[in-house]
Every structure is written in C-alpha cells, then in structure tokens.
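What follows is each chain in one-letter form.
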Protein chains: 2
Amino acid sequence: LGPDMAARTGAEDRNGQLTKPPGALGRLEDLAIWYAGWRGDARPEIKAPQVIVFAGNHGVTAQGVSAFPAEVTVQMVANFQAGGAAINQLARAAGARMDVHALDLDRPTADFTQSPAMSEEEVVAALRAGWRAVDPAADLLVVGEMGIGNTTPAAAIACALYGGDAADWTGRGTGVDDAGLANKIRVVREGVALHAGQGDGLDVLRRLGGRELAAMAGAIAAARVLRIPVILDGFICTAAAACLDASIAGALDHAVAGHQSAEGAHGALLERLGKQPLLSLGLRLGEGSGGALAIQILKGAVACHSGMATFAEAGVAEG
Amino acid sequence: LGPDMAARTGAEDRNGQLTKPPGALGRLEDLAIWYAGWRGDARPEIKAPQVIVFAGNHGVTAQGVSAFPAEVTVQMVANFQAGGAAINQLARAAGARMDVHALDLDRPTADFTQSPAMSEEEVVAALRAGWRAVDPAADLLVVGEMGIGNTTPAAAIACALYGGDAADWTGRGTGVDDAGLANKIRVVREGVALHAGQGDGLDVLRRLGGRELAAMAGAIAAARVLRIPVILDGFICTAAAACLDASIAGALDHAVAGHQSAEGAHGALLERLGKQPLLSLGLRLGEGSGGALAIQILKGAVACHSGMATFAEAGVAEG
C-alpha cells in the first residue's frame, strides 16, 4: 500500500518543466508530488476533501483534568450539527464536506488511572466507526475531534509510546491553571505507570486513548487503503495517528502534518513522527481546525502543479 | 488613517463570545480583529480580494545579477495574461481577481551602480500606476512582482534603509551560483555606496528600486486610504513596502506579512518591520504567490470570526 511510483515520477518530471525557477515553490512542490503519488495521478486535482469530526467522552474527566465540564462535548456536537463551530467555517472555506460522528457520548470511557479506557470490543467498534466514516469518493481527508478532557489521553499515549516524563507531554489543553496542570501530570503519570509494558501501539490506544482517538486512527487507516491522502490536525489527532505508526512503520506515509498547535508537546510529537507542520499559527482548538486550514495549502500546491504552463507551452526561456 | 477603533472593539467583544476556549484560534483571532478594525466592520466578510502583479525591467541586469535573461520578464507577463503562471492558480484558488501591469518593459531602469535607477518623473509615474491599479471595491489586496534581476534592487534598498554589509541582505534570487552571488553582493555594495545619505525611504526607492517596486509601494499606500488591508508577499514586495515604513512610521499597520520566503534576508527584513509571517513554506517565486496563498489563512480567520456561533446562541457552557 505504497504510493504509485509511476505517477510520482511523472509528477516530478512535470514539476521540472513548469514556468518557475527550480524549487521556487518550496514545499508546495514536494506536497504536490507527494499527493500525486498517493492518488496515482501525475496531474491530480483536489475536488472532494472530507473533514470528519469524532466526539467522545472520557472517564478520566472525573479526575478534574479539564477547564470545561464534560457536558460541553455533547453541546459542541450540537453546535457542529448546527454549523456554528470553527470547523464548520473552516471546512466550508476549504470546500470540504464535513461529517460529525458522536461516539457513545452517554457512555464515557473508563478512567485510565483505574483500568484500560476501553475493552477490546469497544476499541474495535470505535476503530470501525472511523473506518466506515471515510467517504471512498473523497480525495483528501482531515480527521478532527471533540472530547472534553482528551488532551489527557493524548499526553498519556505520547508518554507511553515515546517515554520521558509525564510532564514533558502534558500541556494546558483548553486552559487549566498551574494547579490543574500539576493534577493533569499526576493523572498522566499514574495512567502510564498502570499500563506500562503492555502490547503495541493499538493496545496503547485502547488502554490510554478514547473512542474519538480510536475512530481517527481507524479513519486514517481506511484512507491508506483507499489511497486518500490525510492531513493530520493537532496534538490529539497526532497522538491517535502515532499509535498506528508505532504498530506499523510507515503507516503515516500518506499523511502530512497540517499544523503545529500551541499545545506544548505537539512539536515534539511531530518530530518523533518525522513530520514538519505546514502551518504554525498558535491554534489549540482541535475539531480538525488546523487540518482544515491546511487543506488550502495543499489545494494551492496541487493547483499550481496541475494548472501551470510548462516553459515550452508558455514560450518562456529556461534561464 | 488608522483603524476604526469602535469596529475593532466590537470585534474583540465578539471574539470573546465565540464557541471556543479563549485564544484557542491563536493568530486567527488577532487577524480577524485586525481585519475588522481596518474594514470598519466588527463582523466583516472577505468577498473581493485583489491580486496585482507589476512587472518591470532593470538596468542593473547588465551587471549579470540574474540566472535568467531579462527577456523572461515580458515572457512571464504573457504567461500571466494567458493564465499559466503559479500566481494565476493561487489567485483563482483564493477566489481573487488578478490584474497584471507591465511597466515600460522596453525601457529598463538605469543601472543603479552608475546613476539613480529612476528620475523623479519615472518614480512618480510608477507610484501612480500602482495607486491607480487598486480596485476601490476590493476588500483585501496582495501585490506581487515580476522583474528579472529585482532581488538586487530589493537587497540594495534593505541595505540602504537598515545598514549592515551588502552580503547580509543579498541572496541567490532565482538561483545564481557562488560566483554570481559574489558579483551580486559587489553590485549591491556599489549601488548603496553611490547613493548613500540621500533622502528618505521614497528617495531610496527611486535611486535603488525599480518601477514594479514603486508600483507596489503606490498600491499599498492607496490601500491605506481605501481601508483595504494588505498581505505582503516576499523579499521584493517587503523591500518596496519598507520604503513606505521608512518614510512614515506606521505606514504598514494595515499590512500583514503573508509568508517568509526562502530568500535569505527576508526574515531579517520582516523583523525590522515587526511583522511575523503567516506562512513559511520555502517559497521564493515572487509574483505575489506567498501573499495569495495567505489570503486563505485570512479568509479562514474572518470566516471563523464572523460565522461562528456564540456560547449563548449555541447553548454551550463557557467552562
């Protein structure tokens, strides 16, 4: 399930003939060639981006890890459905279809400081929900999330996968104060200790993650099979994706990092995955917001690649 | 000619009520408030962005400062008019109107190592051409340029305005080799020395700049009067804009930096102007390409600001 090397080579050839100095479009050139390879089309178009927002609730909120009450998850799902959230505006601006999947909001995951967040059945159901949410006709995918408390599982996943101290991976999320941050670090540390040394990336996802994280991972995996390139969003999305990468090397080769969020550990997480973010605008909202904004960058890259004239077509000297 | 403070305050109030944690949209929030202030509308929309590309030829190309022959300027103007250049694709992707103005291409500026690049009459004509090119009905402006050899005048302007060695401000442009770079540095050094200590920013623009640089400056000034916010493009656009800033403090308050280009000194130039770039994707094409790509970021910011529901409207708890 790798890129189509003929399409990729064709795209590289075309890139070298376009009316610009070699390399003058910088990362846009790399992005267009990467996209062409995964789509199997040396001169592709982006016509049908899909944004999917998954929502879940977290037992670990009982430990007081969030600045917002857990009820906000379901309230925000209603806001997504009514079109009032940031992601609605950003998906529309990017010309993307947007879907919202609320995953058993009335049945939060278990508090991972006490037991695994999800049973085998639960994590498989969430992975499957994500897998099935992907439109096979989409040509670009952004997955985002909403789940009060979910920077805590994301930090725990990163700490479990990559080691280091819980404090290295734990940030303020939607805005906890110093005492809240200290408490959050304690919770992450306890969770990681309780589940240490157990299985691969997907087992980490089950024990420390949440339904919306598992669904994002399922959707990213489905996109690989469907040859749909993916733009990762922020810290929580990247933590979910990292579970795939930890299970299968190269599992995120069809994904780029849409942005680096203001959540402190996101940069370190992206570095572990070898992903350089396209944007760095201090976002820390989740919902797929940074990924949706980055759709425009990828669209611009592909528009240049596929729409520009060659030196020969335009009668421009190559220097 | 400052921002409308009532609209700005109204936008700040609205921003605080939107369904997101405070500050979670990062720089998008600042951008939307900035835009609202300059447009005089607390809940603005971006419906009519304009991209203008100015083209000029440079006498200093006789010194061998570019990897491309000077004929490429007029060839690329034809490419812009035929829709085949990168900026055509990026302007279309951003929903922007695009205009091209070729400025006396058959009459290059004078070689600034010998005499001022332009006479008073010539610089005024170019400033006026820029001023008149701005559509008063536009609600956002990107100015870009095409002019073989024009990173050399841009470097000379930056060096004249901010001091330091010519080598600090001179880069490889479209791709000169080491010998070409050394030659370019010599040319910049000679030009800056010849015109040292002569007048203000606009005089620097006349002596060391070029018609397309003067036109960009004229368009940026016109946009200020018309309350049209501006997105700056790369090194050459920023050097032209810096001449306005050097003449009148605050002359660029209605402008943001669209991107940081790969041309080495662009970052230092933006720092002198106190502008943090929105994008940093290694572009070094000019044409307004980075500015046009950044339209999408500003559109996303304004779409969130003006389209999102408030906590009260959505029935979401404020935490």
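Just so it is clear, the model here is predicted, and its values are computed rather than measured. (Residues numbered from 1 in each chain as written. Chains lettered and ligands numbered in written order. Predicted model: local features only at pLDDT ≥ 70, side-chain atom pairs only at ≥ 80, totals over all residues. Heavy atoms only, no water.)

So, about the overall build of chain A. On a plain count of helices and strands, chain A comes out with 14 helices and five strands. The C-alpha atoms of chain A give 20 Å as radius of gyration, which agrees with the globular expectation for 319 residues (20 Å, within 12%). Projected onto the principal axes, the alpha-carbon positions of chain A cover approximately 70 × 40 × 35 Å. Expressed as a percentage of its 319 residues, the buried residues of chain A come to 61%. (Helix = DSSP H or I, 4+ residues; strand = E, 2+ residues; numbered from the N terminus. Rg over C-alpha atoms; globule rule 2.2 N^0.38 Å. Buried < 20%, exposed > 50% of the residue type's maximum accessible area, 1.4 Å probe, protein only.)

All right, on to the relation of the copies chain B and chain A then. Between the two copies, chain B and chain A, the superposition gives an RMSD of 0.0 Å; the rotation angle is 180 degrees and the shift along the axis is 0.0 Å. Taken together, the turn and the small shift mark the pair as related by a two-fold rotation axis. (Least-squares fit on C-alpha atoms with pLDDT ≥ 70 in both.)

Before going further, it helps to spend a moment on the sheet that holds strand β4 (residues 230-232) of chain A. Residue and element names in this part refer to chain A. Ordered by their spatial adjacency, five strands build an open sheet running β2-β1-β3-β4-β5, and the pairing between neighbours is parallel. Every other strand in the sheet has two partners, leaving β2 (97-102) and β5 (255-257) as the edge strands with one partner each. Neighbour-to-neighbour, the strand axes of the sheet open up by a mean angle of 25 degrees, direction not taken into account. (Pairing = 2+ DSSP bridges. Axes fitted to C-alpha atoms, helices over the stretch in contact; angles between N-to-C directions.)

Okay, unusual backbone geometry next. Unusually for a residue other than glycine, R227 of chain A sits at a positive phi of about 55 degrees. Tracing the backbone through its elements, the reader meets R227 of chain A in the loop between α10 (211-225) and β4.

The next thing to look at is the side chain of D99 of chain A. Residues and elements named next belong to chain A. Mapping D99 onto the fold places it in strand β2. A polar contact is formed between the side chain of D99 and the side chain of Q50, at a distance of 2.8 Å. Not counting residues within four places of it along the chain, the set of residues in contact with D99 comprises Q50, V51, I52 and V53. (Polar contact = N/O pair within 3.5 Å; in protein donor to acceptor, adjacent residues only side chain to side chain. Contact = heavy atoms within 4.5 Å.)

This part takes up the environment of D30 of chain B. With respect to the helices, strands and loops of the structure, D30 of chain B is situated in helix α2 (residues 27-39). Sequence separation between D30 of chain B and N15 of chain B is 15 residues, and the spatial gap between their C-alpha atoms is 9.4 Å.

Residues and elements named next belong to chain A. Following the UniProt record, the feature "active site" (unreviewed entry) maps to E287 here. Tracing the sequence through the fold places E287 in the loop between α12 (266-272) and α13 (289-307). Separated by 3.2 Å, the side chain of E287 and the backbone nitrogen of I87 make a polar contact. (UniProt positions renumbered as here; feature names shortened; annotations may be inferred.)

On the surface, L1, W131, V225 and L226 of chain A cluster together into a nonpolar patch covering about 400 Å² of accessible area. With respect to the secondary-structure elements, W131 of chain A resides in helix α5 (residues 120-133). (Patch = residues over 30% accessible without salt bridge, like charges linked within 9 Å, V, L, I, M, F, W, Y side chains within 5 Å. Areas by Shrake-Rupley, 256 points an atom, 1.4 Å probe, with all protein chains shown as cover. Salt bridge = Lys/Arg side-chain N within 4 Å of Asp/Glu carboxyl O.)

With that settled, consider the sheet that holds strand β4 (residues 230-232) of chain B. One key point about sheets: their strands pair by backbone hydrogen bonds, in either a parallel or an antiparallel sense. Residue and element names in this part refer to chain B. What the five strands build is an open sheet, ordered β2-β1-β3-β4-β5; its pairing is parallel. Only two strands of the sheet have a single partner each, and these edge strands are β2 (97-102) and β5 (255-257). On average, each strand axis in the sheet is tilted by 25 degrees relative to the strand beside it, whichever way the strands run. With six bridges joining them, strand β1 (residues 49-55) and β2 adopt parallel strand pairing. Residue A55 lies in a different strand from β2, and its bridge partner there is A102.

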